[in-house]
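# Structural features, examined
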Amino acid sequence: MEIKKKVEICKYLIKQGISINDMIHKLLKNNKKIILFDGVCNFCNASVLQIIKLDKADTFLFSSLQSEIGQEITAYFKIDTTTTDLSLIHISEPTRPLY
């Protein structure tokens, strides 16, 4: 599944009135993992494309840190992207992102 379709799932859930909190819990409960990435970083984009190729179980969903959804998710987890040098953030638990 391409990046755009994976991001659209998050957008669809939000449009249905599901909060970021509920969306994260719902996705993680269904064994989905969220990866936020730096959308202007060529290495990050290449990494995401490689993960998509290898993700046969369709586990990962992606959003760039610069997107509206990416910003909402980082706000939810209180990640200050201005003071942290972040390229990729992996969210597999509703309370603790890895970066």
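Scroll up to find the structure.
Residues numbered from 1 in each chain as written. Predicted model: local features only at pLDDT ≥ 70, side-chain atom pairs only at ≥ 80, totals over all residues. Heavy atoms only, no water.

At their nearest, the axes of helix α2 (residues 20–29) and helix α4 (residues 68–76) sit 10 Å apart, and the two run at 90° to each other. It follows that α2 is roughly perpendicular to α4 by the angle criterion. Taken together, the residues of α4 that come into contact with α2 (itself represented by Ile 20, Asn 21, Met 23, Ile 24 and His 25) are Glu 72, Ile 73 and Tyr 76. Split by residue class, the contact of α2 with α4 holds five nonpolar, two polar and one charged. (Axes fitted to C-alpha atoms, helices over the stretch in contact; angles between N-to-C directions. Helix = DSSP H or I, 4+ residues; strand = E, 2+ residues; numbered from the N terminus. Parallel < 35°, antiparallel > 145°, perpendicular 65-115°, else oblique. Contact = heavy atoms within 4.5 Å. Nonpolar A, V, L, I, M, F, W, Y, C, P; charged D, E, K, R; others polar.)

Moving on to the pattern of salt bridges. Under the criterion given, the structure shown has one salt bridge. The shortest N-O distance in the salt bridge between Lys 32 and Asp 58 comes to 3.6 Å. In this pair, Lys 32 sits in the loop between α2 and β1 (33–37) while Asp 58 sits in the loop between α3 (42–54) and β2 (60–64), placing the two residues 26 residues apart along the sequence. (Salt bridge = Lys/Arg side-chain N within 4 Å of Asp/Glu carboxyl O.)

Before going further, it helps to examine the nonpolar core. Residues Met 23, Ile 24, Ile 34 and Ile 73 are the most contacted members of the largest nonpolar core, which totals 13 residues. Taken together, the elements giving at least two residues each to this core come down to α2, β1 and α4. With five residues, the single largest contributor to this core is α2. If you look at the next biggest cluster of nonpolar residues, it comprises seven residues, including Ile 35, Cys 41, Ile 52 and Phe 62. (Core = buried A, V, L, I, M, F, W, Y, C linked by side-chain atoms within 4.5 Å. Buried < 20%, exposed > 50% of the residue type's maximum accessible area, 1.4 Å probe, protein only.)

It is worth spelling out the pairing of β1 at this point. The element β1 is extensively covered by neighbouring structure, given that four of its five residues are classed as buried. Judged from the five bridges that link them, β1 and β2 form a sheet pairing that is parallel. Looking across to β2, one finds that Ile 35 is bridged to Phe 62. Between β1 and its parallel partner β2, the chain crosses via α3, and the hand of that crossover is right-handed. (Pairing = 2+ DSSP bridges. Right-handed = clockwise from strand over helix to strand, strands pointing away.)

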